[in-house]
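Residue-level listing of the chains:
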Amino acid sequence: HPDGKCRIWMSALLGGLSMLAKETGVTVFLLNLAYDFYLHWPSVRRTLIEMRWNAESRQFANRAAKVLTSLGILLAVRLAILQGSLPKFSQQDNPAAFHPSLHVRFLTFCYLAAFNWWLLLCPATLSHDWQMGSVPLVTSLSDSRNLVTCFFFGVTFLLAVRSISDFENQRHAPLVLGLILLVLPFLPATNLLVTVGFVVAERVLYIPSLGCILLVVHGIQLLWSCYSSHRQTIMCFVMLLLTTGCLRTVVRNRDWRSRESLLRAGLMTLPHNAKMHYNYANFLRDSARPELAKTHYLRALKLWPTYASAHNNLGTLLNNEFEAEQHFLAAIRYSADHVNAHYNLGQLYRKSNRSSESEHMLQRCISLEPRFTPAYIELAKLRGPNDRRVNQLLKKVVDLNPTDPYYGTTFGHWLLDKGNYHDALHYYWKSLRISQCHQEAIIGAAKILRKSGQKSRLFQLVTRWHLIMRIKRGELLLSPHVYLQGWQLKSELSSKAREYDSTPHFESHCVTPSSRTNNYSSEEIEAAKWSRHRKNKTSSAKQCKIQENKMQKPKPSTPLMVHHLLDSA
C-alpha cells in the first residue's frame, strides 16, 4: 500500500510470473491475503461484532475478492496445462507417500517439515536430489528424530500464539509476516494437500527463506535492545553467521560448476541415495567409462533393487546377451510401461535372430509411446528392405520428425535403392528445405539428377551447395565457373592417376639378375626391350598429335564445358 494506493492487479501479474518460475510462487496470493487480514484486523473485528460494514472492511473484502479471483484463474490455467489432472509419481520419488501405514506417513511428514526448517537454519547438508530413501522413514515413536519434530512444532506453536496475540496491538509485524512467509509457501510441499514427487526439495524453500531471515533478524533486534551489555557478543555472532553463510555459498557454487562436480558432491552428501549412483553412472557412461559406470549401476541396484531404469541402463553396457536380457526383463517386470527397456530388449532379440520376439517387443514399445522414433527404425531393420511395410514405417518416422532432415534423407535413400526416383527426390528436397547444407540429401538429389540427365539442375544444385558452405565457413564468394574448373581439374587428375595405376610397368615385373638369367634367355630380354621402346614412341606420337589438335581447336564455351564436366563426373 504505497502512498495509500493499492496495486492489486500489478501484484496479481507479478504473482503469475512467480508461478511460471516455480509453482510455489502462487502461494504469494494467500500470503498477501493473510498479511492484509492482519493489518486490517481491527476493522474486520468491528464489522463482525457490529454486523455492519464499514469503509475499511468493505475495501478489504474488495481486495480479497480480486486476490482470490486471480488465484482461481491461475490455478485453472495451471490445471489446463496439466490437461486437468495432477502429475503421477512413483514410490521411488516419494517413498513416505506410498507407505501403507498411516502413522508412518504422519511421523515421516512431520519430521520432513522439521528437517526443512533445519536446512534453513544450518544448510550444511545440501543436495540437488533427495529421492529414494535419502531420508529414512520414521517408523516408530521411539525414533530419536521425533525429538527434533517436537522441538520444531513447539517453537512454531509458540510463534503462532505470539503472532495471534499481536493482532490487536500490532507491535510485532515482522514476527507475523516472517511466520506467514515461513509457513504458507511451504504448505504445498508438506504432502497434506496433494502428493508431491520429492522427499526434500531445496527449491521449495526460496520463499520460506525470506520468512526465516525476518524471524532471525527480528530476534537479533530483540536481543540487541534487551541485552545492551552483551552487544559485542551479539555483533560477533552476527559476523560469524554472515561469514559462514558466504563461505557456504562459495563452496556450493563450486559444486554447481559442472555436471560431474555436482554429482560428486551429491555422492559425498548422500552415499546411500540410489539415484545419486544412477545419475553418476549415466555421466560415466556418457564419458566413455563403462566399467566404472557398471559399478555404480550395481551399487544403485543394491540400494534399490526395484530400480527399473538402473536395470535397463546396466543391460545396455553388458556384453553378455543373457545377462543383458535378464536386466531388461527385470526393468519391464518392475515397470511394465518402461519404453526404453522394451526397445532395448527388441533390439537384442533382433541381433540374436529371434525375430518374432523382437517384433513383439517393438510393437509393444510403439503401443506404449507412439512417437518413439527408434522403435519404428528398429522394426524396419527387422523386416528387411524387401518388406512392403517398411515404406509405411519410414514414412511414419518422417511424419514424426518434421524438423529433422536426417529421417527424410534416410527415407529418400531407401526409395532411391528401390528405383522410385520421383518420390526419393521429393524427400531429398524436403530435407533440404529444412537444412540447406545437409550433405547426404545433396548427394542423393545429385545422383537422381545425373541419372535422369538433368545436368543444368545438377550444376545449379552443386554450385548452390558450394556457395552455402563458403558462406557458412565465412569464406569469400567465388564465381560459379571457379567451381566448375576446380571440379574439372580434380576429375582429370583422378582419371590420370587411375590410368597411371592401371598401366603395367616392365621394371616392376623384373626379377633379380640371377633369376632373370635362369628364367629368360638373352634373346627374349632384347625382344621385350625393343617392344617397350616402340610402345613408348607410339604413345609419345599420339600425345603430340592430341596436343596439336587441342591447339587448333577453339576453347569450348561454358555450356559445352559444363556438359563435358558433368559427363566426366
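Residues numbered from 1 in each chain as written. Predicted model: local features only at pLDDT ≥ 70, side-chain atom pairs only at ≥ 80, totals over all residues. Heavy atoms only, no water.

Asks: Would you take a moment to explain the overall build of the protein chain for this structure?
Replies: A tally of helices and strands in the protein chain yields 26 helices and 0 strands. Counting only residues that meet the buried cut, the protein chain has 38% of its 569 residues in that class. Sequence-distant contacts in the protein chain: of pairs separated by 6 or more residues, those separated by 24 or more amount to 56%. Working note: accessible area of the protein chain is about 35,200 Å², and carbon and sulfur atoms make up 60% of it. (Helix = DSSP H or I, 4+ residues; strand = E, 2+ residues; numbered from the N terminus. Buried < 20%, exposed > 50% of the residue type's maximum accessible area, 1.4 Å probe, protein only. Contact = heavy atoms within 4.5 Å. Areas by Shrake-Rupley, 256 points an atom, 1.4 Å probe, with all protein chains shown as cover.)

Asks: Explain the packing of aromatic side chains to me, please; I cannot follow it from the model alone.
Replies: Both the distance between ring centres and the angle between the ring planes are used here to describe each pair of aromatic rings. Using the criterion set out here, one finds 15 aromatic pairs in the structure. Relative to Tyr-297, the ring of Tyr-278 lies with its centre 6.0 Å away and its plane at 55°, an arrangement referred to as tilted. Within this pair, whereas Tyr-278 is found in helix α11 (residues 274–286), its partner Tyr-297 is found in helix α12 (residues 290–303), the two being separated by 19 residues in sequence. Note on accessibility: Tyr-278 and Tyr-297 belong to one class, buried. In textbook terms, an aromatic cluster arises when at least three aromatic residues are bridged by ring pairs, as seen for Trp-117, Phe-151, Phe-152 and Phe-153. (Phe/Tyr/Trp six-rings, centres within 6.5 Å; stacked < 30°, edge-to-face > 60°.)

Asks: Where do I start with the environment of Leu-458 in this structure?
Replies: Of note, Leu-458 is situated in helix α22 (residues 455–473). On the basis of relative accessible area, Leu-458 is assigned to the buried category, the value being 6%. Residues Leu-458 and Lys-447, 11 residues apart in the sequence, show an inter-C-alpha distance of 8.7 Å.

Asks: What should I look at first to understand the side chain of Ser-431 in this one?
Replies: Along the chain, the position of Ser-431 falls in helix α20 (residues 421–434). A relative accessible area of 1% means that Ser-431 is categorised as buried. A polar contact is formed between the side chain of Ser-431 and the backbone nitrogen of Thr-409, at a distance of 3.2 Å. When residues no more than four places from it in sequence are discounted, the contact partners of Ser-431 are Pro-405, Gly-408, Thr-409 and Ala-441. (Polar contact = N/O pair within 3.5 Å; in protein donor to acceptor, adjacent residues only side chain to side chain.)

Asks: For this particular structure, what's the right way to read the confidence of the model for the protein chain?
Replies: When pLDDT is low, close inspection of the predicted coordinates is not appropriate. Confidence in the prediction of the protein chain, expressed as mean pLDDT, is 81, and 84% of residues score 70 or more. Residue range residues 506–520 is modelled with pLDDT below 50. Its contacts to residues more than four positions away, or to other chains, number 6 contacts. Per-residue pLDDT stays below 50 along residues 540–569; that stretch engages in 17 contacts with residues further than four places along the chain or on separate chains. (pLDDT = per-residue confidence, 0-100.)

Asks: Mind showing me how you'd approach the packing of helix α7 (residues 173–183) against helix α8 (residues 206–226) here?
Replies: Following both chains from N to C, one finds α7 and α8 inclined at 150°, their axes separated by 7 Å at the closest point. One way to sum up the angle between α7 and α8 is to call them roughly antiparallel. Handedness of the crossing formed by α7 with α8: left-handed. Contacts between α7 and α8 pair Pro-174, Leu-175, Leu-177, Gly-178, Leu-179, Leu-181 and Leu-182 from the former with Ile-207, Pro-208, Leu-210, Gly-211, Cys-212, Leu-214, Leu-215 and His-218 from the latter. (Axes fitted to C-alpha atoms, helices over the stretch in contact; angles between N-to-C directions. Parallel < 35°, antiparallel > 145°, perpendicular 65-115°, else oblique. Left-handed = near helix turned anticlockwise from the far one by under 90°.)

Asks: Which parts of the structure should I look at to understand the nonpolar core?
Replies: Considering soluble globular proteins, one finds that nonpolar side chains tend to be buried as a cluster. Judged by nonpolar contacts, the single largest core of 60 residues is most densely connected at Val-135, Val-200, Val-204, Tyr-297, Tyr-307 and Leu-345. Sorting elements by how many residues they give to this core places helix α5 (residues 102–121) first, with 10 residues. (Core = buried A, V, L, I, M, F, W, Y, C linked by side-chain atoms within 4.5 Å.)

Asks: Is there a simple way to explain the packing of helix α10 (residues 259–269) against α11 in this structure?
Replies: Angle between the axes and distance between the axes: these two values describe a pair of packed helices. The N-to-C vectors of α10 and α11 enclose an angle of 150°; their axes lie 9 Å apart at closest approach. In terms of orientation, α10 lies roughly antiparallel with respect to α11. In this structure, α10 meets α11 at a crossing whose hand is left-handed. Packed against α10, whose contacting residues are Arg-259, Glu-260, Leu-263, Arg-264, Gly-266 and Leu-267, the element α11 presents Met-276, His-277, Asn-279, Tyr-280, Asn-282, Phe-283 and Asp-286 at the interface. Here the residues of the contact of α10 with α11 are counted per class, giving 5 nonpolar, 4 polar and 4 charged. (Nonpolar A, V, L, I, M, F, W, Y, C, P; charged D, E, K, R; others polar.)

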